[in-house]
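Architecture and fold: a report
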Amino acid sequence: AACDDGEVVIKLSHVTNTDRHPKGIAASLLEQRVNDEMNGKACMEVFPNSTLYNDDQVLEALLQGDVQMAAPSLSKFEQFTKQFRIFDLPFMFKDINAVDEFQNSDTGVAMKESMTRRGLLGLAFWHNGMKQMSANKPLNVPSDANGLKFRVQNSDVLKAQMAAMGASPQPMAFSEVYGALQTGVVDGQENTWSNIYGQKFFEVQDGTTETNHGVLDYMLVTSTDWWDSLDADVRDQLATIVQEVTDTRNAESSKVNAEAKQAIIDAGGVVRELDDAQREAWVTAMKPVWEEFTADVGQENIDEAQAINAKH
Amino acid sequence: MSHGVQSHSALGRIVNELEETAIAIILGLMTLITFINVVLRYGFNTGIIWGLEAVTFLFAWLVLFGMSYAVKVTAHLGVDAVVNLFSLPKRRVLALVAAVICVVYGALLMKGAWDYWAPFAGLDATTGRWFPTGFADSRDQAWYETVDIPMPDWLRFIEPIMNEGETYGKLPRFIPYFMLPFGMALLLFRFIQAGVRVFTGQATALIVSHEAEDDIEAVKHMNAES
Amino acid sequence: MEVLILFTMIVGLMLLGVPIAVSLGFSSIVFLLVLSDSSLASIAQTFFQAMAGHYTLLAIPFFVLASSFMSTGGVAKRIIRFSIALVGHFPGGLAIAGVFACMLFAALSGSSPATVVAIGSIVIAGMRETGYTKEFAAGVIANAGTLGILIPPSIVMVVYASATDVSVGRMFLAGVIPGLMAGTMLMLTIYIMARVKKLPQGEWRGWGEVFASGREAGWGLMLIVIILGGIYGGIFTPTEAAAVAAVYAFFIAAFVYRDMGPLHVEGEGRNLSLMRKPLALVTVFFHRDTRDTLFEAGKLTVTLMFIIANALILKHVLTDEQIPQQISAAMLSAGFGPIMFLVIVNVILLIGGQFMEPSGLLIIVAPLVFPIAIELGIDPIHLGIIMVVNMEIGMITPPVGLNLFVTSGVANMPMMNVVKAALPFTVVLFIFLLMVTYIPVISTWLPTLMMGPEIITR
Ligand code: NA
Ligand code: NA
């Protein structure tokens, strides 16, 4: 949307498509509502598909004032405060509802504001969903992953998690993953149903195991300098729209992932479910990773997450 | 091996040797790290986790450091078809105009590079849109670390200076990013030098017309008219 | 309207003799500072991230390096000997062998000028000795050399893949059949011309020579197997393949052919064997030849990447101002179908190819036309091959063409003579362009067969 004179320009840069990926859909909805309801006051331009910045560069650009909003995955914020490692720790949250409740608790709200001294302000958590494991051989128990090479996102926690499974973590540009899985440069990867379906990873894997072992979420962020510079009424209206878009899209996330999972099955992909004993084996193998990062994350935050799990 | 300006002074030759060797070493390191990582992954199921990030930084260093050298030896590519239609005196004027544009370009990028790098080093960016007009009060970003590259222990003495005494888990970004203002400063310097060379009549152009000019020099004799 | 001013400024500066990279960068910076809110710092970031943030482009220095070791290390002359042994006895044999040698070298090198220099310098001299005119020899090599970017590996394909996020491995596969086709068409043309004009014909030296020369050249040609086998066999990614190729080429050059490094003997003497000088395994890393080859490859990488980084600044400006969307909307609302669209792409690239170095041009044009192509249902891989073939033709058509320059330099003759000499073969490549443009299956069949149907995840 071309902005008119006098409107506050809000550039939002992200890395996915605009109409199929949960984050892209949320960004498009936000763009549409801002441009409809704040016409004359503000105007949003969304730059999808990494056309402007990738996730590593966008936070720098945000601090520089070259874009006003971004929505990187939560791992990217470990740079700003290590508390965010809690979302990468395996089996920290029972399901996406527990994640949601944690994010909306006082602790979660405080986390959004925890980076203001670094110049970033979290506006909302956007769900993708729980992560699953796929590989070029059946994964039923953790020892099946022994000696396999797994592509991971750049995160110390995720690297430690793969190491705990006896697998070898491999950092790799996202655009290379499909080819690398297909030819066998790497053996497996972890991701949400919607990404495994959207990127067609299931086509080049033996199957996907429903581990729900971790969470892949995003945070819509802005820079404190820019946010504080807004007129109060613009800021309030924007915050309200953000909150409503977040509520709408987050409520859909379970459905989106369930549909993606079904679509994988319909397309002939193999989905493996774990029985209780198998699941316990995965937890036993991965949970020791917590200890390594307790100091970063804070014991009280872990306790809070566990208390919320107990309710679900 | 290059056919640009040959330095006459001993210092000039040393600098040239250093520049060429640095370019060779950076490219060699990039190749070696990537190759070793392939061997480690395929052969031993492991890998240097920081290898990928280090190689991408070395790649940036190679170009940022090398581009000023390429100005010095007149290796940057350009279109000389039109320029060559003019007489030599007119060509000199055109080359002078081109040199001025290059210098302005270098100055703009120098400001941009400083503004980008300074906050990562806990310094202040400059104010002004086109040219620096003063210093802004930039938010300190010296805490910002690279993703994978470990912090070497011998460098920890910078922590009290740069990071409010907190330890760096990874190498801070201002270190690999330093090549940006450094490379741009060298580029600006070499563009000014090139402009002076054109002005004093030691050179007539800032460009070569294609990438293989050196190689052709080397094989030209094979098809010379006898 | 503003875009028109921007592009006029870029071209104007280039014609003035400003380096291509600076023309792109300077115009983009001025444009950005005047029209948008973005800062100079964001330009610097884009510049830095051109290298640090584009993992795919890393293949460029590595393929350049592999090619440098191959050229320095004497693989070209062994490939030529093998080609002559194989096809030299046909009418027009040496010219056909020249094309064949270009095809083989193209499979080792990612660049067209490198192919012309390596093969052309030897073959053109050889052709003249056996009774061809210098013009004919130059015309053949100028055209066949363009296969350097069509037959994988290819720097231009790497750039296209990086600009559009398609898979490099897929692009490489897509180039195989068009590359073989274009080479075959050139060889057939020579054969027919030779029958008509009674061009010289070599003698058949027997299978013994084929095998002997094949074994010699085999060390170099193994690189093809290593690159493609490694990528599709799951040993490494295409980027890593380039690094492995460079290391392999280094060892072949230093220890097998020994035409460079500590085992090389200047002049006619036989090169030393490793047995005689085992310390070479260590000293080779510090040998002057090694440093010089690394440096030359580094310098070439720098000049190419300096253009690409500035082209990425331009791309940043175009994206920031949402130009691709505007052009896309204009073209779609004008009701252009796929055929008209491809004609326009061909014309843009043929004109742009007059001014720009291919990789720089691609990184600007690809993001502009890619979204429209997807919208029109054109396969991204097919589009990529069309672009590559356009680049090839741009290199050999006047007024400006990379291969024309290089050939006129290598053959030591005026450029307009090369243009005239190249023309008959350029016509062949032009017919080939039409075939590739309107018969998508030429490009898409092999990658689909090997890697399954293309997925468009955007
Ligand atoms: Na090639
Ligand atoms: Na041309």
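This one's a predicted model, so the numbers in the text were calculated from it and none came from an experiment.

Each value, and the rule that gives it
- Throughout, a residue's number is its position along its own chain's written sequence, starting from 1.
- Chain labels run from A onward and ligand labels from 1 onward, assigned in the order the entries are written.
- Where local features are concerned, this predicted model is filtered to residues with pLDDT of at least 70; where side-chain atom pairs are given and counted, the filter is 80 or more; whole-chain, interface and lining totals use all residues.
- Hydrogens and water are ignored here; the side-chain numbers use all heavy atoms of the structure.
- Salt bridge criterion: a side-chain nitrogen from Lys or Arg within 4 Å of a carboxyl oxygen from Asp or Glu.
- Runs of H or I in DSSP of at least four residues are treated as helices and runs of E of at least two as strands, each being numbered from the N terminus.
- To sort residues, take the accessible area from a 1.4 Å probe on protein chains only and compare it with the maximum for the residue type: under 20% means buried, over 50% means exposed, and anything in between is partly exposed.
- Contact between two residues is taken to exist if any of their heavy atoms lie within 4.5 Å; hydrogens are not considered.
- In protein, a polar contact requires one atom able to donate a hydrogen and another able to accept it; more generally it is a pair of N or O atoms within 3.5 Å, and residues adjacent in sequence count only if both atoms are side-chain atoms.
- Under the convention adopted here, Pro, Cys and the residues Ala, Val, Leu, Ile, Met, Phe, Trp and Tyr are nonpolar, Asp, Glu, Lys and Arg are charged, and Gly plus all remaining residues are polar.
- A helix is expected to span 1.5 Å for every residue after the first.
- Throughout, bend refers to the angle between the axes fitted to the seven residues that end at a position and the seven residues that start at it.
- Orient the strands so they point away from the viewer, and a crossover whose first-strand-to-second-strand path over the helix runs clockwise is right-handed.
- Each Phe, Tyr or Trp ring, with Trp reduced to its six-membered ring, pairs with another whose centre is within 6.5 Å; inter-plane angles below 30 degrees give stacked pairs, above 60 give edge-to-face pairs, and intermediate values give tilted ones.
- The quantity reported as buried area is the accessible area (1.4 Å probe) lost by two parts once they are put together, taken as the sum for both.
- Disulfides are defined as cysteine sulfur pairs within 2.5 Å.
- pLDDT is a per-residue confidence score from the predictor, ranging from 0 to 100.

1. Quick notes on the pattern of salt bridges
Following the criterion strictly, the structure yields 32 salt bridges over all chains and no others. Put simply, Lys159(A) and Asp156(A) hold a salt bridge, and the shortest N to O gap is 3.8 Å. Here Lys159(A) and its partner Asp156(A) are both found in helix α5 (residues 156-164), three residues apart, which amounts to about one turn of the helix. Among the ionic pairs, Arg156(B) bridges to Glu159(B), the shortest N-O distance being 2.5 Å. Owing to a relative accessible area of 26%, Arg156(B) belongs among the partly exposed residues under this scheme.

2. Focus on the interface of chain B and chain A
The partner chain A presents 24 residues to the 20 residues of chain B that form the contact. Our count for the contact surface shared by chain B and chain A stands at four salt bridges. Residue Arg173(B) is joined to Glu60(A) by a salt bridge in which the shortest nitrogen-to-oxygen separation is 2.6 Å. Between chain B and chain A we count 12 residue pairs in polar contact (both at pLDDT 80 or more) in total. The biggest single contributor to the side of chain B that touches chain A is strand β3 (residues 145-150) of chain B, with four residues. Of the residues in the side of chain B that touches chain A, the class split is eight nonpolar, four polar and eight charged.

3. Brief notes about helix α7 (residues 112-129) of chain C
Residues and elements named next belong to chain C. Spanning 18 residues, α7 covers 25 Å between terminal C-alpha atoms, matching the ideal 26 Å at 1.5 Å per step. A bend of about 45 degrees at Gly-120 is the largest found in α7. Of all 18 residues in α7, 13 are buried; the element is thus mostly enclosed. With its phi angle positive at about 105 degrees, Gly-131 sits one or two positions after the end of α7.

4. Some points on the pairing of strand β2 (residues 42-47) of chain A
Residues and elements named next belong to chain A. Counting buried residues in β2 gives six out of six residues, a clear majority hidden from the surface. Burial along β2 is two-sided: Ala-42, Met-44 and Val-46 and Cys-43, Glu-45 and Phe-47, pointing in opposite directions, are all buried. Each parallel crossover has a hand, and for strand β1 (residues 8-13) linked through helix α1 (residues 22-37) to β2 it is right-handed.

5. Some details on helix α16 (residues 338-352) of chain C
Residues and elements named next belong to chain C. For α16, built from 15 residues, the straight-helix expectation of 21 Å at 1.5 Å per residue is met to within 8% by its first-to-last C-alpha distance of 21 Å. All buried positions along α16 are accounted for by Phe-341, Leu-342, Ile-344, Val-345, Asn-346, Leu-349 and Gly-352. Next to the buried residues of α16 lie α15 (323-333), α17 (358-375), α18 (380-396) and α20 (415-438).

6. Considering the packing of aromatic side chains
All names here are of chain C. This structure, assessed with the given rule, holds 35 aromatic pairs over all chains. With 5.8 Å between their ring centres and 70 degrees between their planes, Phe-136 and Phe-425 make a pair best called edge-to-face. With Phe-136 in helix α8 (residues 134-145) and Phe-425 in helix α20, the pair connects residues that are 289 residues apart, well separated along the chain. The exposure class of Phe-425 is buried, given its relative accessible area of 2%. The interplanar angle of 80 degrees and the centroid separation of 5.3 Å between the aromatic rings of Trp-204 and Trp-207 together place this pair among those described as edge-to-face. Trp-204 sits in the partly exposed class, given a relative accessible area of 38%. Overall, the relative accessible area of 55% leaves Trp-207 in the exposed class.

7. Some points on the interface of chain B and chain C
Contacts between the two partners involve 75 residues from chain B, matched on the other side by 81 residues from chain C. Interface area, chain B with chain C, both sides summed: about 6900 Å², of which 75% is carbon and sulfur. At the junction of chain B and chain C, the tally comes to four salt bridges. In this structure, Glu20(B) engages Arg291(C) in a salt bridge whose closest nitrogen and oxygen atoms are separated by 2.8 Å. Contributing elements (two or more residues each) for the side of chain B that touches chain C: α1 (10-44), α2 (51-72), α3 (88-117), α5 (174-177), α6 (179-199) and α7 (213-219) of chain B. Tallied by class, residues from the side of chain B that touches chain C come to 51 nonpolar, 13 polar and 11 charged.

8. Considering unusual backbone geometry
As a rule of thumb, non-glycine residues mostly have phi less than zero, and peptide bonds are mostly trans rather than cis. In this model, Pro152(C) is joined to Pro153(C) through a cis peptide bond whose omega is -5 degrees. Turning to its location among the elements, Pro153(C) is positioned in the loop between α8 and α9 (155-164). Despite not being glycine, Glu164(B) shows a phi value in the positive range, around 50 degrees. Structurally, the position occupied by Glu164(B) is in the loop between α4 (159-162) and β4 (170-172). Backbone geometry at Gln322(C) places phi at a positive 55 degrees, although glycine is not the residue there.

9. Side note on the state of the cysteines
All names here are of chain A. Summed over all chains, the structure comprises one disulfide over all chains. The disulfide partner of Cys-3 is Cys-43, and the gap between their sulfur atoms is 1.9 Å. Disulfide Cys-3-Cys-43: torsion about the S-S bond near -65 degrees, hence left-handed. Here Cys-43 lies in strand β2 and Cys-3 lies in the segment before β1, a separation of 40 residues in the sequence.

10. Comments concerning the confidence of the model for chain C
Do not read the predicted coordinates in detail wherever pLDDT is low. All names here are of chain C. Summing up the model confidence of chain C, the mean pLDDT is 85 and the portion of residues at 70 or higher is 96%. Put simply, helix α13 (residues 280-283) is where chain C has its lowest mean pLDDT, 73, and helix α3 (residues 40-52) is where it has its highest, 94. Scored by ipTM, the complex comes to 0.91, with pTM at 0.89.

11. As for the environment of Gln354(C)
By secondary structure assignment, the location of Gln354(C) is in the loop between α16 and α17. Each C-alpha atom, one on Gln354(C) and one on Gly394(C), is 6.2 Å from the other, the two residues being 40 residues apart in sequence.

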